[in-house]
Amino acid sequence: MIKNVLLVFTICFSFVVQSQNLKLPLQDTLRVSQIAQQEGLSQLNVLQFDFDENGYLWAGTEDGLNRFNGNAMKVFSQNYLNGYGLTDDHIRGLFYSNDTLWLGTNTHSLQAYIPSRDEFIHFKETEIITADPSLSYAHGIFELNSQYLLVSTLKNGLLVDRKLRELHRIPLPEISANDYILSIFQRSENVFWVGTYFNGVLELDLERRVFTNLAHFDALDNDPVQAFQKAERGQLLIGTQKGLFSYALDNGELAPIPQQQEDGVRCFFNWNEEYYLMGVTHGIKFLHKETLKTKPVVLAGFEKEIYSPVEILQIKQDSTMGIWLGSQGKGLFYYHPARQKFTPKRIDLKDEPEKEFISIFNFLREKDTLWMTTTIGFVKHELKNGNYKLYRKDRLGYTLIKDQHGQIWGGGFDQGLEKYDRDKDRFIEVTPFTSIPDRDVAEIIPVSRDSLWVSTWSSGIFSVDLESYASRPVKIMGKDLYRSRASYIDKDGSIWLGADDGLYHITPKTTTKYEHRPEEVNSLSNNRVFSITKDELNNLWIGTAKGLNKLNLETGEITQYLEQPGLPNDFIYGVLTDENNDVWVSTNRGLSKLDQPGETFTNFTEQDGLQNNEFNGKAAYKDSLGYLYFGGMNGFNVFHADSIPVNQHVGKTIIENVELFGNPIEKNIIYADTLSLNYDENVITFNYTSLNFLLPEKNRYQFKMLGFDKEWRPITKERTTTYTNLNPGTYTFMVKGSNNDLVWGQPDSLVLTIRAPWFDTTFFKLFLIFAVLLLITAIYLFRYNQKKAENLRLQRMVEGRTSELKKSNEDLNVAMKLSKEQNENIAFLMQELNHRVKNNLQLIASLLDIQKESINDELAKNNLQAAQNRLFTIATIHDLLSGKRPEEHFKLDEFVSTLANELVRFMGAGVQLSFNLHSMEVHKKCITPLGIIINELVTNSLKHAFPANQESKHLWISLTKKKSFIELEYKDNGIGISKELRESKNSLGFDLIENLARQLKGRMEIKRTKKGTHIIVLFEC
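Residues numbered from 1 in each chain as written. Predicted model: local features only at pLDDT ≥ 70, side-chain atom pairs only at ≥ 80, totals over all residues. Heavy atoms only, no water.

Within the protein chain, the secondary structure is distributed over 8 helices and 71 strands. Taking the intrachain contacts of the protein chain between residues at least 6 apart in sequence as the baseline, contacts between residues at least 24 apart amount to 53%. Here the protein chain has roughly 49700 Å² of accessible surface; of this, 50% comes from carbon and sulfur atoms. (Helix = DSSP H or I, 4+ residues; strand = E, 2+ residues; numbered from the N terminus. Contact = heavy atoms within 4.5 Å. Areas by Shrake-Rupley, 256 points an atom, 1.4 Å probe, with all protein chains shown as cover.)

In structure tokens, the structure reads:
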């Protein structure tokens, strides 16, 4: 966009930007993070910004007010608070102090925002501003002292008395109609110099409330004076649109200061003891405090972004030592001295075509010389002068070692075994002298003073004599070991080897193999071993293609560290231990440091200054001074673990808002200490942040709910958590945050009260108890009085009834005597009735017997005999029933055996009876039909089953319980039932049995047998 000079204003004050003597390095390139629209910045022209007491960044732009928490912007625009908020989105001036954010807007003059009340205060309608329309155009806000602010407006200065909330207009000298204030410098307690857009430098007398023109600054007329800085030796530095000037406070001499590249100066920042950092129209520059010489600085990002040229309007430092730069058109930039923990190094081969992206695989240090293997050969780096020398092989160098004689050996792929000739300063291949068939060398191991082990890619390991170069194969557990790329020689002389099929420990007497076994936790996490090292705690560390492993050499226990528990990547290329016994590993996603006592990982990436996020196998080395070397595809990093800068500054952790069922509540939670909710508002989400702006994605959090959680919840990177179904009561939600280096700050807290439902409140419970007691008392009194009246009534009734009872007893005795006589008469009548029934049955039987004797028809005789048998059965049942009470039950087993025996005896047949009768009782209503069934079965067998010449005649009757049924099983050993009779539908006996069985809710079944009769009757009773 085209910049309108009249509409752009900012300033850096010399008295509010002190860097607190930070050890800030002097750099040609300042690497910064950009905060722009991706983070929610409403517009890219950041005209002025400041910080509140919590640590929030407030930025004014041409399209709204922004509050930044390190992760996202909250934008305050004209729509905020439904029209009761900001009335002009174009913010030119911004200053924060004592819970008040003072804002100078483009057309609505001065406004103030009170964060704790979430309230805007407007001054445009005040009498002094409505009287002069030029006061509506604010350009900046400056703090004069604890009481007064000065607002830059068109043609005026607006003095704000913060204590009395009064405004006073101080007009500028009428030299230019559209002049306004750009900068300010405190000359004495009540005298200030102000830089203007058209009229150079003016003097403000605060007591007299008047501006005066300073003639010795006339040379700066029509050159906007944008910044002041009190400098060394009584000098005042003045930054203008046209350049940099020095003013001698003692003699009033004003002189321009030449720059390497002439730029307008927008602001100053006290960088360190030697330099100022200036914001200029094309970026930033360092200014030496003594010589006043400038040094341009490139403003760049961490992903190869170049932000220069860019106009820097303001530079300011926050409470965590971060440095912020506001720009014209590119948003905000953030720099922190603890951001770059590592310095990437690249092999500098000026005369080689492959000078960019030379990949490194192995290191070896000799005093002040660092040797490296690369994709194009061996490289020697002189540490003192920084020179590099390439020993070109055009092949991949993979390994470098120094034997016990100090001789350097190297090897690689299609390179064979090579020996360094110090006199001729060159590498000589010795593979042809060794007779080793494989020229791919993966590892060289100096096993003794006389020999080396050379591990090849596909032919196994060979032992090479150092004098004769004679070689012989080395078998490991009786076989060739391929692709052994990692080794470690222990203090006792034993050798650890890592290959594609596991880890080997070789001693003079034994060889032990460690490998991955999926079914066992105490095994390697993967068989492909890339690196081996040992710490001072007698632990062996093994890096594999899937996980880091710790082998406790005393217990033999293996501990696995995989990606999920904390490693960002578990493809481990290199493993080293530092002087603190912390473990460093290189992966495909940067470096990770394992703190052994805490079992926690700290992870570093390219953003921290690594050569790249991806490292190479074997490219991990520790020298005798404790320096660690890691190489990759884009150079290498070398560092001492104790020299890595740690960010010790921690910002506040803030609970920003609370949501109910996913919707934010209408309360200013940042400034609230308590929150009260109803019992049914039970899905509560807390949103919080840690105001640490350095790599905020690395900030971590812990929280707990006092009254619900027993301990702090696990560390998390999430900035939100939800609780559900909290019981009524009082809780305290606490959350603490860390910075990017896991340095923890103080927790923030919010007291949460969940109100009980009305039926669960203490008042209601007490009322309910009182009401219950009152009700019990009333019931007791009522019952007592009722009982008392009842007793009196009963007493009268007892007295009246006693006499009645006496008479009734007499009448009852008479009635009982009469009843006894009647019962005796009834018993006599029943006995007589039974006697007459029995006599009649006997008379009928005798008549049937006489009739039977008087006829010759056998069929008729048989029918009379059957009727006579049935009468006998009825008579027998009558005898049995007459001896029972009405509700008395019968013992069925006794009844069946008695009846069957009586029938056999009555018919005079020589038949043997056998019983299998389970004891059971039935109601007497079942007896008559059951008796007739038995009669039919027995009489049928006695009449038809046995021929005259059959000697053994046998009947079997059994009675068993089958669930809810009773089973009557009847068998004889006679001639059986003929097929015609079984299929006949005119058998009176069987029809009778079947009808009686149905009457008993049962059925009859005739079983087929080779001999005799077999009938089953199932019934319920």
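Moving on, there is more to tell.
Below, the discussion takes up the UniProt feature "transmembrane region" (unreviewed entry) in the protein chain. Annotation from UniProt places "transmembrane region" (unreviewed entry) at residues 763–782. With 100% helix and 0% strand, residues 763–782 has its two end C-alpha atoms placed 28 Å apart. (UniProt positions renumbered as here; feature names shortened; annotations may be inferred.)

Let us look at the environment of arginine 233. Mapped onto the fold, arginine 233 is located in the loop between β19 (225–230) and β20 (235–240). As a C-alpha pair, arginine 233 and lysine 289 span 56 residues in sequence and 9.9 Å in three-dimensional space. A distance of 2.9 Å separates polar atoms of two side chains, one belonging to arginine 233 and the other to glutamate 290. (Polar contact = N/O pair within 3.5 Å; in protein donor to acceptor, adjacent residues only side chain to side chain.)

Turning to the pairing of strand β27 (residues 311–317), a few remarks are in order. Counting buried positions along β27 yields 7 of 7 residues, so the element is predominantly enclosed. In terms of strand pairing, β27 meets strand β28 (residues 323–328) through 6 bridges, oriented antiparallel. Bridge assignment links glutamine 317 to a residue of β28, and that residue is isoleucine 323. Between β27 and β28, which pair antiparallel one after the other, the connecting turn spans 5 residues, and methionine 321 there sits at a positive phi close to 75°. (Buried < 20%, exposed > 50% of the residue type's maximum accessible area, 1.4 Å probe, protein only. Pairing = 2+ DSSP bridges.)

Within this structure, the stated rule accounts for 60 aromatic pairs. Between tyrosine 180 and tyrosine 197, the ring centres sit 5.4 Å apart and the planes meet at 25°, which makes this aromatic pair stacked. Residue tyrosine 180 is located in the loop between β14 (166–171) and β15 (181–186), and its partner tyrosine 197 is located in the loop between β16 (191–196) and β17 (201–205); the two are separated by 17 residues in the primary sequence. You'll find tyrosine 180 and tyrosine 197 in the same group, each marked buried. With centroids separated by 4.0 Å and ring planes inclined at 10°, the aromatic side chains of phenylalanine 686 and phenylalanine 733 adopt a geometry described as stacked. Taken together, the positions of phenylalanine 686 in strand β60 (residues 683–690) and phenylalanine 733 in strand β63 (residues 729–737) put the pair 47 residues apart, joining distant regions of the chain. The pair formed by phenylalanine 686 and phenylalanine 733 is uniform in burial state, with each residue classed as buried. Joined through ring pairs, the aromatic side chains of Phe686, Tyr688, Tyr701, Phe703, Phe708, Tyr723 and Phe733 make up one cluster. The ring of tyrosine 56 carries the charged tip of arginine 67 above its face, separated from the ring centre by 4.6 Å. Here the guanidinium or amino end of arginine 339 rests over the ring plane of phenylalanine 302, the centre of that ring lying 3.5 Å away. (Phe/Tyr/Trp six-rings, centres within 6.5 Å; stacked < 30°, edge-to-face > 60°. Lys NZ or Arg CZ within 6 Å of the ring centre and 35° of its normal.)

Turning our eyes to something else, we now look at the sheet that holds strand β69 (residues 965–972). If you walk across this open sheet you meet the 5 strands as β66-β68-β69-β71-β70, and the pairing is mixed. Of all the strands in the sheet, the pair left with one neighbour each is β66 (912–917) and β70 (1003–1007). Going across the sheet, the axis of each strand differs from the next one's by a mean of 15°, ignoring polarity. Of the strand pairs in this sheet, β69 and strand β71 (residues 1013–1019) are connected by 7 bridges, and their pairing is antiparallel. Looking across to β71, one finds that glutamate 967 is bridged to leucine 1018. (Axes fitted to C-alpha atoms, helices over the stretch in contact; angles between N-to-C directions.)

Counting 40 residues, the largest nonpolar core has Leu892, Ile933, Val938, Leu955, Leu968, Val1017 and Phe1019 as the members making the most contacts within it. Put simply, the parts of the chain that give this core at least two residues each are α5 (892–907), α6 (927–945), β68 (954–962), β69, α8 (988–999) and β71. Looking at this core, the element that brings in the most residues is α6, giving 9 residues. Residues in contact with valine 938, not counting those within four places in the same chain, are Leu903, Val904, Leu955 and Tyr970. Ile358, Ile360, Leu400 and Phe427 belong to the second largest nonpolar core, which has 23 residues in total. (Core = buried A, V, L, I, M, F, W, Y, C linked by side-chain atoms within 4.5 Å.)

Contact geometry of α5 with α6 gives a least axis separation of 10 Å together with a crossing angle of 40°. Regarding α5 and α6, the two cross each other, and that crossing is right-handed. The residues of α6 that touch α5, namely those facing Leu892, Phe895, Val896, Leu899, Leu903, Val904 and Met907, are Ile927, Leu930, Gly931, Ile934, Asn935, Val938, Thr939, Leu942 and Lys943. For the contact of α5 with α6, the class distribution of residues is 12 nonpolar, 3 polar and 1 charged. (Left-handed = near helix turned anticlockwise from the far one by under 90°. Nonpolar A, V, L, I, M, F, W, Y, C, P; charged D, E, K, R; others polar.)

Here α6 spans 26 Å end to end across 19 residues, near enough to the 27 Å set by a 1.5 Å rise per residue. Most of α6 is tucked away: 15 of the 19 residues are buried. (Expected span 1.5 Å × (residues − 1).)

Right, let's talk about the environment of threonine 602 for a bit. Tracing the sequence through the fold places threonine 602 in strand β53 (residues 600–604). Counting along the chain gives 139 residues from threonine 602 to aspartate 741, while the straight-line C-alpha distance between them is 7.8 Å. Not counting residues up to four positions away in its chain, the partners in contact with threonine 602 are Leu591, Ser592 and Lys593.

As a further point, take the pairing of β70. In this structure, β70 lies alongside β71, joined through 5 bridges in antiparallel fashion. Residue pairing for β71: isoleucine 1006 is matched across the bridge by isoleucine 1015. Between the antiparallel neighbours β70 and β71 lie 5 residues, among them glycine 1012 with a positive phi of about 85°.

This brings us to α5. With 16 residues, α5 extends 23 Å between its outermost C-alpha atoms, agreeing within 8% with the 22 Å of an ideal straight helix rising 1.5 Å per residue. Those residues of α5 that fall on the buried side of the exposure criterion are Leu892, Asp893, Phe895, Val896, Ser897, Leu899, Ala900, Leu903 and Val904.

Take unusual backbone geometry next. Across the junction of serine 308 and proline 309, the peptide omega takes the value 0°, indicating a cis bond. The topology assignment puts proline 309 in the loop between β26 (294–300) and β27. Even without being glycine, lysine 963 reaches a positive phi, approximately 55°. Along the chain, the position of lysine 963 falls in the loop between β68 and β69.

Moving on to the sheet that holds strand β38 (residues 441–445). Two strands in a sheet stick together by hydrogen bonds in their backbones, pointing the same way (parallel) or opposite ways (antiparallel). Strand order in the open sheet made by the 4 strands is β38-β39-β40-β41, with antiparallel pairing throughout. Here the strands that pair on one side only, and so sit at the sheet edges, are β38 and β41 (471–474). This sheet shows a mean twist of 25° between the axes of neighbouring strands, independent of strand direction. Alignment of β38 against strand β39 (residues 451–456), held across 4 bridges, turns out to be antiparallel. Bridge pairing in β39 links valine 441 to threonine 456.

In this section: a nonpolar patch on the surface. Together, Leu766, Leu768, Ile769, Val772, Leu773 and Ile776 make up an exposed nonpolar region whose accessible area comes to about 560 Å². With respect to the secondary-structure elements, leucine 766 resides in helix α3 (residues 762–854). Classification of leucine 766 as exposed rests on a relative accessible area of 55%. (Patch = residues over 30% accessible without salt bridge, like charges linked within 9 Å, V, L, I, M, F, W, Y side chains within 5 Å. Salt bridge = Lys/Arg side-chain N within 4 Å of Asp/Glu carboxyl O.)

With that settled, the discussion passes to the pattern of salt bridges. Here the structure, examined in full by the defined rule, presents 41 salt bridges. When the shortest N-O distance is used, the salt bridge between glutamate 311 and arginine 266 registers 2.4 Å. Of this pair, glutamate 311 sits in strand β27 while arginine 266 sits in strand β23 (residues 265–270), and the two are 45 residues apart along the sequence. Overall, the relative accessible area of 7% leaves glutamate 311 in the buried class. A residue is classified by how much of its surface remains accessible, and arginine 266, at 3% relative accessible area, is buried. The partner of aspartate 414 in a salt bridge is arginine 395, with the nearest N and O atoms 3.4 Å apart. Note that aspartate 414 is positioned in the loop between β35 (408–412) and β36 (416–421) and arginine 395 in the loop between β33 (388–392) and β34 (397–402), a separation of 19 residues in sequence. The exposure class assigned to aspartate 414 is partly exposed, which follows from its relative accessible area of 41%. It is possible to trace a salt-bridge network through shared partners that takes in Arg395, Asp414, Glu429 and Arg439.

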